Structure formats: C-alpha cells, structure tokens
Protein chains: 2
Amino acid sequence: MRRTNLKDVAARAGVSIRTVSNVVNTPEIVAEPTRQRVLEAIEELGYRPNVAARQLRQGRGGAIGLVVPEIDSPYFAELAALVVREAEALGWTVLIEQTDGDAARERQLLDGARGQGVDGVIFSPWAMTAEEVSRSAMAPPVVMLGEQPGMGSVDRVAIDNRGAAREAVEHLLATGRTRIAAVGLQPHLSNETAEQRLGGYRAALEAAGLATDPELEVPVERLHHPEGMTAMARLLDLATPPDAVFCFTDQLALGAIRTCADRGVRVPEEVAIVGFDDIEPARYAVPALTTVAPDKHRLVELTLATLQARMAEPSLAGRDLVVPHRLVVRESAPAPTG
Amino acid sequence: MRRTNLKDVAARAGVSIRTVSNVVNTPEIVAEPTRQRVLEAIEELGYRPNVAARQLRQGRGGAIGLVVPEIDSPYFAELAALVVREAEALGWTVLIEQTDGDAARERQLLDGARGQGVDGVIFSPWAMTAEEVSRSAMAPPVVMLGEQPGMGSVDRVAIDNRGAAREAVEHLLATGRTRIAAVGLQPHLSNETAEQRLGGYRAALEAAGLATDPELEVPVERLHHPEGMTAMARLLDLATPPDAVFCFTDQLALGAIRTCADRGVRVPEEVAIVGFDDIEPARYAVPALTTVAPDKHRLVELTLATLQARMAEPSLAGRDLVVPHRLVVRESAPAPTG
DNA sequence: CCGCTAGTTTGCAACGTTGCAAGACGCTGC
DNA sequence: GCAGCGTCTTGCAACGTTGCAAACTAGCGG
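In the nomenclature of an unreviewed UniProt entry, chain A is known as Transcriptional regulator, LacI family of uncultured Nocardioides sp.

See below:
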C-alpha cells in the first residue's frame, strides 16, 4: 500500500495536482470552495507531503543537525532538549550525531551531516578549534555552540567562560579559601573551553596575590564523574590538600564530592567545591552544588536565531555572541558568612 | 555554488552518470580502471550523494525517528546515546522528537514522524497505550521501547517491570523494613509502566503478608526530582512515616534523598530508598542509590534489531521482547547484614 | 458584443537518484 | 569469419514535489 501523494488527492478532489500543492503551500491563492474540497480530500486520504521530494525540489528539507560530543551528558542532554523544542517552533526537525569528542569523528561528521541533507548544523566541538571548523565550512551553515571567540568566519554562541571561571574562583576566595585547586584541564585535546576556564582561574588567583601551584591544576582525560573522583583523591593525598576545588564541569564536581564522602571529608567545611554547567543533578545533590549556570535557554535561542540568520544570508561575516551566566551559590560552596 | 552531483562526476570522469552511481552503490560490477577513475573524480569534486533524491527514489532514506517524552531526563538521554551509537553502526541517522508525555502530542508526533521521511520509529510512550499505538500504526514500522506487553500488533521491547519492582521491594523486606512506601503512580495518565511497577510492589508486600496502605502509595504528577521531594516530605509527615521508599524512577528517589537531607533524616538508617532506571547520577549520589538497572545496552540493541527485522518484513506479528535487569545494591538501601 | 483584466487553475519541466533492460565491446569456439 | 557469450556500460523512466508561465473563466467597461 503506497503512501498517498498529491496525485491521489488531486484525483479525489477533482482538481489538478498543482492546485492541491497550492492548497498545501499557498492556501490564500486558492478559491474558497476549491480549497475546502481539497482539504477534505487531504483529510480523507490522510495525505502528508513527502519530505524527500520537497527537499529534492526546494533544496531544503526542514532539518538541522545537532552535533555534540555525547548526548548522555546531562549538559548536552539539556541543551538538546531545548534545541529540539525551539527548533520545532521554527518548523525544523533535529537530527542528532555524537562525536565522542574525537577529532577525526568531529571532522567526519561535520562533513557527513552536510551530506545528510540538513539545512544547517549546530556544532559543539571538543577537539576541533573554531578556525578548523571555519576552514572546513562548506555547504550548510554552521553555528558553534559553547566555543569561545577566536578568528574565523563561523558563528559562535557561548558564555564568557573565562569571566565565569574567574567569578567562581573569586567566590571561593571571598569565603576565605586560599588553596584552591582546578580540575578539568585537557592538555591532550585542543579544548579551547577548558583553556578559557583555566585562564579565568589563574587570573582570579593572581588578582588575589596568590601563586598558582602546578600541583593544584589537575588534568583529566575526560570530564565525567570518575575523573572527578580520582582527581579529588589525588588532591586529598597531597601533603597540603586544597581547601577548595573548582571543577570545570558539574560531573567532575559531583565525582569530587563523592570521593569526599568516601573519605569522610566534609563539604564544604573542609573543602568547598564549585562546578560548572548547572546540570539538573547538581541542584539535587547532597550537598547541593554551587556552580556556574549558563543561561541555557538564551544560549539555545540565540544559537538557533543565528543559524536562521545565516541560512537566510550565508554570506554574513562570522559573529561571536556572548550569552549571560550567573554563579548559583548552593551548599557545596556557600556564600561568605557575615 | 551548486553541490556536485552524479552528472558532474560523470563528466569529470568521462563516463555515464549511471556508472558513477554504480561505483557508489555496487562497486563490484564496475571494471577496476573505470572504478579508479570515477573514485578520483568523486574525491576531487568532493561528491556526496544527495540523500533526498536517494530517498525519493528508493523510498527509504536511512533515518529513524526516536520519539521520547523528554530527552533531558538522564534515562532517556542515556538511551538516546545508545540508540544513536547503535543506529550509526547500522547506517542510520537518528531524528529526535519530544512528546513531553502529552497524549495529543504523542499521537501527533507518531503521525508526524512518519511524514518526516523516517524509515522507522522507536517510540517511548507515556500516555499512549500499546493498543492505541498499534491502532494508529500505518506507514513506517514502530517499535515501542519500555512499554510492557499487552495486545496489539506492535513490537515492544522492555524489561519485566512488575518483576523488577517486586525484587526491589523484596530487597527492602529482606533488610527488615516493614513499612514500605511507593512513589510514582500516575493515575492521571494511562502509564502502563507505572501500573506494572505498582503491581510488583503490591505483590511483594502481599507475599510478605503485609497489608497495602493507601497512605503509602503516593501519586505524582511527573517523575522528576521535585515530585520526589514533595512526596518524601508528605511521607515523613505521616503519623507513622515509612522505613523504606520504593521510587518508580531514580529522579524521584534522588529528590526523596534530598528531602531527607533537608530534614536531617538519615538514609538508609532511618529510611531506605530504592530507585529505578540506574541513571548515571544515581551511581555517584551521596548516598549512592540502590536501584533497578535495566540492561540498557541490550534494550537498545534489541529494539534496533527488532526495528530492522520489521522493516525487512513488515507483515510480521507484533513481538514482545523482555530484556534482563538487575537490582544494583548501593548505599541508600544496602544488603541485609549478616 | 467584444476585448481586457483579475482571479483561478493548469501543464511542463526539473531537482538527483536508481531499477530495469538493452546496448556495446571484446573474446572464445566452431 | 561469425555466432554466441560474458563483461561492462549506458539510456530511459520514474520517485513526488514545486517554480514558472501559460491558459482558462468570469466579469467588466467600452
């Protein structure tokens, strides 16, 4: 049993196939009685336009690609949910791809997604730099989500990672902590975001007249709970353990808290912990996590608006857009007393 | 600048357009030197097949739809990650849609996704029953993920929710708990899954010779942290609070733990808590959550295999497949002592 | 009564690909 | 030398849709 197409509807309604198409796409130019008749036929036969044909004819198919490292990290899952919701409002469907943060895979997917007949791509890179992306950028428009300004012709939407990191560390300093660790550098990747956050961390220390201590800057392979756990263990094993830890993601932070629980180290009394991303589990953790909250809603909204703008006018210069963030103070690093 | 197509490549390689198509699809029937020449041309021009045209011609386009209530719930995010990964291995792209568990939206998307030119749909319903789905089932094959057996012609893949719930409660009973609450019924939805879990809960109590107490069966609007928090608060306010709580999702359970922390109620000493789904945050929570862990990998694997089978042979009878699960015992409801 | 216009409807072609079946080519064997 | 065969290549049509421009209809003024 074939799917009903324009021809079927046209036959049923006793009009030409073209008229049916008009009813679907430009109802206002069709005379009322005809329109009614056609609509009935559409209803009765359950006609749905064939996206493939439409896409073939018009060149666009109403789908965008969302390319993220891993959809199962709460941060990306939350973004994806917003993207899907917002995209739907714009009449787009969302096609998801995972890169696992692998450079080769990022490159491949960035090309592949283009082939997959998407009209645009939202790309959240871990390994590729903005410059690389802009060099590879060809057919459909790309907007980079969460990557920091640089040079290149690609649009980017992100928060001020450096400033946010600095604020987080300043918050810790304000509560009297002086030995503050940073967890989350990724020297093996060219992860611009991590570098920005490290920069903010160092800047805050420096401004407070504190020396940076390589021992306190813990690199990690990935940004998940287990790495947070081992990093924290390593820090607690130092001759002089830190009295605060700034983690570059909430997952690292939650892992760190877990290790503290295992070792009977009290948070925040003995170690204060700050995360980054404000994922949902952080809100309900025990202790609830103090963290940097990007305005995710605005982030996604702007990303889609930018993508839309670029789809309409592909020759625009690359824009760098900054979205607000705020430090959400919770139990793991409470506000200064007094 | 147009995208390069078969014609361009054909011209470049000095062969017919059909031969290029053959090189791409059935390389083995093309003579070696020709093949080489064509491959070079493809490389030089950066040719990528046009999915829309291919889909129009062949009727399938290598995309499947994943329809879930909310992609940002860790449970669904984790499933989605697996689906995308597995699907890729099968040469499919995944298109994501969110229903918010709304019945109208579920129906609409189930029809819409069909129109969206997907070859098959993985559907995780909250509001629609299996029967409803099978009635609406038309064009592309559908596999229901996480929904319990019933009657209908649709394939379903799920764990034994009833049995799993029963095991969870039996575990609590084995540790000497006698006043066990259940959190997660959704009387306002026809959520078959919740009913199965409630059934398992009651069966375990009954088998232990304990009466069910309506006070201890807490309905919730949604299955998230906040509802877990208020449900727990309500339970703690009872004249005789429970000594254990079985939550139908990990998010409810984590919310419940959070409320206990707020009130200074010790988990598991005063109240043991068991969740359901084994989402990642549950593993690193403090206390770590005892929970029912569906074999997600197998779940997704089987779902895709089933979808594939049905796509190959649409007339097959609906199958009900059960995937293994296990109770993961952690701190929030530890193993019986001794 | 006819030409003209505005308002509707229609036919043709094309988007890029692949199924089908026929065509071209070079060899083998008689 | 030619039929016959196997190997490789090609042309045509069609998938369902929409852009374009022409065609039709009715109503109007001249």
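**Student:** Sorry, what's going on with the overall build of chain A here?
**Tutor:** A tally of helices and strands in chain A yields 13 helices and 12 strands. Its C-alpha atoms give chain A a radius of gyration of 25 Å, more than 25% over the compact-globule value 20 Å for 338 residues. Its C-alpha atoms give chain A principal-axis dimensions of about 85 × 40 × 35 Å. The 338 residues of chain A split such that 57% are buried. In chain A, the share of contacts with a sequence separation of at least 24, taken over all contacts with a separation of at least 6, comes to 70%. Working note: accessible area of chain A is about 14,000 Å², and carbon and sulfur atoms make up 51% of it. On chain A, the mean spot of the 35 positive side-chain charges and the mean spot of the 46 negative ones are 7 Å from each other.

**Student:** Just checking my understanding: could you explain the relation of the copies chain A and chain B for this structure?
**Tutor:** Here the second copy of the chain follows from the first by a rotation about an axis and a shift along it. With an RMSD of 0.1 Å, the operation that places chain A on chain B is a rotation of 180 degrees combined with a shift of 0.0 Å along the axis. Both copies of the chain, as the preceding transformation shows, are related through a two-fold rotation axis. In this assembly, 100% of the residues forming the interface of chain A have copies in chain B that are likewise at the interface, indicating an isologous arrangement.

**Student:** Explanation requested: the interface of chain A and chain B in the structure shown.
**Tutor:** For an interface, size is often stated in terms of accessible area lost upon the parts coming together. At the junction of the two partners, chain A supplies 48 residues and chain B supplies 49 residues. The junction of chain A with chain B conceals about 4,000 Å² of combined surface from both sides, 58% of it contributed by carbon and sulfur atoms. The largest per-residue losses of area from chain A upon contact with chain B belong to Arg258, Tyr284 and Val286 of chain A, which jointly make up 16% of the total buried on that side. Counting across the interface, chain A meets chain B through six salt bridges. In this assembly, chain A and chain B are joined by 14 residue pairs in polar contact (both at pLDDT 80 or more). Elements that contribute at least two residues to the side of chain A that touches chain B include exactly helix H4 (51–58), helix H5 (74–89), strand S2 (93–98), helix H6 (103–115), helix H10 (225–236), helix H11 (250–263) and helix H12 (280–284) of chain A.

**Student:** What should I look at first to understand the protein's contact with DNA strand C in this one?
**Tutor:** Around DNA strand C, 24 residues are found, and the nearest of them are Thr19 and Thr34 of chain A together with Leu6, Tyr47 and Arg57 of chain B. Backbone sugar and phosphate groups make up 65% of those atoms of DNA strand C lying within 4 Å of the protein. Between DNA strand C and Arg18 of chain A there is a distance of 3.4 Å, counted from a base oxygen to a side-chain nitrogen or oxygen. Between Thr19 of chain A and DNA strand C, the recorded distance is 2.6 Å, taken from a side-chain N or O atom to a phosphate oxygen.

**Student:** Explain the environment of Asp213 of chain B to me, please; I cannot follow it from the model alone.
**Tutor:** Residue and element names in this part refer to chain B. Summarising the element assignment, Asp213 is placed in the loop between helix H9 (192–207) and strand S7 (217–219). For Asp213, a relative accessible area of 22% translates into the label partly exposed. Distance in space between the C-alpha atoms of Asp213 and Ala182 is 9.9 Å, their sequence separation being 31 residues. A distance of 3.2 Å separates polar atoms of two side chains, one belonging to Asp213 and the other to Arg179.

**Student:** Honestly, the packing of H4 of chain A against helix H4 (residues 51–58) of chain B in this entry has me stumped. Any pointers?
**Tutor:** How two helices sit against one another is set out by the angle between their axes and by the gap between those axes. The contact between H4 of chain A and H4 of chain B brings their axes to 8 Å, and the two run at 140 degrees. As the angle between them shows, H4 of chain A and H4 of chain B are arranged oblique. Handedness of the crossing formed by H4 of chain A with H4 of chain B: left-handed. Here Ala52, Ala53, Gln55 and Leu56 of chain A of H4 of chain A lie close against H4 of chain B, whose contacting residues are Ala52, Ala53, Gln55 and Leu56 of chain B. Its residues assigned to classes, the contact of H4 of chain A with H4 of chain B shows six nonpolar, two polar and no charged.

**Student:** Is there a simple way to explain the UniProt feature "domain: HTH lacI-type" (unreviewed entry) in chain A in this structure?
**Tutor:** UniProt tags residues 4–58 of chain A as "domain: HTH lacI-type" (unreviewed entry). With 71% helix and 0% strand, residues 4–58 of chain A has end C-alpha atoms that lie 20 Å from one another.

**Student:** What is the right way to read the environment of Leu210 of chain B from this model?
**Tutor:** All names here are of chain B. Within the element layout of this structure, Leu210 appears in the loop between H9 and S7. Between the C-alpha atom of Leu210 and that of Ile180, which follows or precedes it by 30 residues, the distance is 9.7 Å. In this structure Leu210 touches Leu173, Thr178 and Leu205, once residues within four positions along its chain are discounted.

**Student:** Whenever I open this one, the domain arrangement of chain A confuses me. Can you help?
**Tutor:** Each assigned domain of chain A is listed with its residue range as follows: domain 1 (6–49), domain 2 (62–159 + 295–324) and domain 3 (161–294). Between the C-alpha centres of domain 1 of chain A and domain 3 of chain A there is a distance of 61 Å.

**Student:** Help me understand the protein's contact with DNA strand D, please; the structure alone is not making it clear to me.
**Tutor:** What surrounds DNA strand D is a group of 25 residues, the closest being Leu6, Tyr47 and Arg57 of chain A together with Thr19 and Thr34 of chain B. The share of sugar and phosphate among atoms of DNA strand D within 4 Å of the protein is 65%. The separation between a phosphate oxygen of DNA strand D and a polar main-chain atom of Ala31 of chain B is 3.1 Å. Ranked by residues supplied to the surface near DNA strand D, first place goes to H4 of chain A with five residues. Its residues assigned to classes, the surface near DNA strand D comprises 10 nonpolar, nine polar and six charged.

**Student:** Hey, could you run me through the pattern of salt bridges in this one?
**Tutor:** Residue and element names in this part refer to chain A. One pass over the full model with this rule turns up 40 salt bridges over all chains. A salt bridge links Arg222 to Glu70, with the nearest nitrogen and oxygen atoms 3.6 Å apart. Separated by 152 residues along the polypeptide, Arg222 in the loop between strand S7 (217–219) and H10 and Glu70 in the loop between strand S1 (63–68) and H5 bring together distant segments of the chain.

**Student:** Mind showing me how you'd approach the packing of aromatic side chains here?
**Tutor:** By convention here, two paired aromatic rings are described through the distance between centres and the angle between planes. Residue and element names in this part refer to chain A. Scanning all chains against the criterion turns up eight aromatic pairs over all chains. Taking 5.4 Å as the distance between ring centres and 55 degrees as the angle between the ring planes, the aromatic pair formed by Phe246 and Phe248 counts as tilted. We classify Phe246 as buried; its relative accessible area is 0%. Aromatic rings pair up to connect Tyr75, Phe76 and Trp126 into one cluster. Taking the ring centre of Phe276 as reference, the NZ or CZ of Arg197 above it sits at 3.6 Å.

**Student:** What is the right way to read the sheet that holds strand S5 (residues 155–159) of chain A from this model?
**Tutor:** The strands making up a sheet are joined through hydrogen bonds of the backbone, oriented either antiparallel or parallel. Across the sheet, which stays open at both edges, the 12 strands sit in the order S11(A)-S5(A)-S4(A)-S3(A)-S1(A)-S2(A)-S2(B)-S1(B)-S3(B)-S4(B)-S5(B)-S11(B) with mixed pairing between neighbours. The strands lining the two open edges of the sheet, one partner per strand, are strand S11 (320–323) of chain A together with strand S11 (320–323) of chain B. For this sheet, the mean inter-axis angle between neighbouring strands, taken without regard to orientation, is 25 degrees. Across the sheet, H5 of chain A touches S1, S2, strand S3 (120–123) and strand S4 (142–145) of chain A together with strand S2 (93–98) of chain B, and the angle it forms with S2 of chain B is around 75 degrees.

**Student:** Please explain the nonpolar core as it appears in this structure.
**Tutor:** Most often, soluble globular proteins keep nonpolar side chains buried together rather than apart. Counting residues in each nonpolar core, the largest one holds 154 residues, and the members touching the most others are Phe246 and Ile273 of chain A together with Phe246 and Ile273 of chain B. In contact with Phe246 of chain A, not counting residues within four places along its chain, are Ala165, Ala168, Val169, Leu172, Ala181, Ala182, Val183, Arg197, Tyr201, Val274, Gly275 and Phe276 of chain A. Listed in part, the 27 residues of the second largest apolar core include Val67 of chain A together with Val133, Val142 and Met144 of chain B.

**Student:** Teacher, can you tell me more about the pairing of S1 of chain A here?
**Tutor:** On a regular strand, one side chain projects to one face of the sheet and the next to the other, so that they alternate. Residue and element names in this part refer to chain A. Judged by how many residues are buried, S1 sits mostly within the fold: six of six residues are covered. Neither face of S1 is left uncovered, since the one carrying Ala63, Gly65 and Val67 and the one carrying Ile64, Leu66 and Val68 both have all their residues buried. Two strands pair when backbone bridges link them, and S1 and S2 are joined in this way by six bridges, in the parallel orientation. Residue pairing across strands places Gly65 opposite Leu95, the latter belonging to S2.

Scoring rules and cut-offs
- Residues numbered from 1 in each chain as written.
- Chains lettered and ligands numbered in written order.
- Predicted model: local features only at pLDDT ≥ 70, side-chain atom pairs only at ≥ 80, totals over all residues.
- Heavy atoms only, no water.
- Helix = DSSP H or I, 4+ residues; strand = E, 2+ residues; numbered from the N terminus.
- Rg over C-alpha atoms; globule rule 2.2 N^0.38 Å.
- Buried < 20%, exposed > 50% of the residue type's maximum accessible area, 1.4 Å probe, protein only.
- Contact = heavy atoms within 4.5 Å.
- Areas by Shrake-Rupley, 256 points an atom, 1.4 Å probe, with all protein chains shown as cover.
- Lys, Arg positive; Asp, Glu negative; His and termini not counted.
- Charge placed at Lys NZ, Arg CZ, Asp CG, Glu CD.
- Least-squares fit on C-alpha atoms with pLDDT ≥ 70 in both.
- Buried area = accessible area lost by both parts, 1.4 Å probe.
- Salt bridge = Lys/Arg side-chain N within 4 Å of Asp/Glu carboxyl O.
- Polar contact = N/O pair within 3.5 Å; in protein donor to acceptor, adjacent residues only side chain to side chain.
- Near = heavy atom within 4 Å.
- Axes fitted to C-alpha atoms, helices over the stretch in contact; angles between N-to-C directions.
- Parallel < 35°, antiparallel > 145°, perpendicular 65-115°, else oblique.
- Left-handed = near helix turned anticlockwise from the far one by under 90°.
- Nonpolar A, V, L, I, M, F, W, Y, C, P; charged D, E, K, R; others polar.
- UniProt positions renumbered as here; feature names shortened; annotations may be inferred.
- Domains from an automatic or database assignment.
- Phe/Tyr/Trp six-rings, centres within 6.5 Å; stacked < 30°, edge-to-face > 60°.
- Lys NZ or Arg CZ within 6 Å of the ring centre and 35° of its normal.
- Pairing = 2+ DSSP bridges.
- Core = buried A, V, L, I, M, F, W, Y, C linked by side-chain atoms within 4.5 Å.

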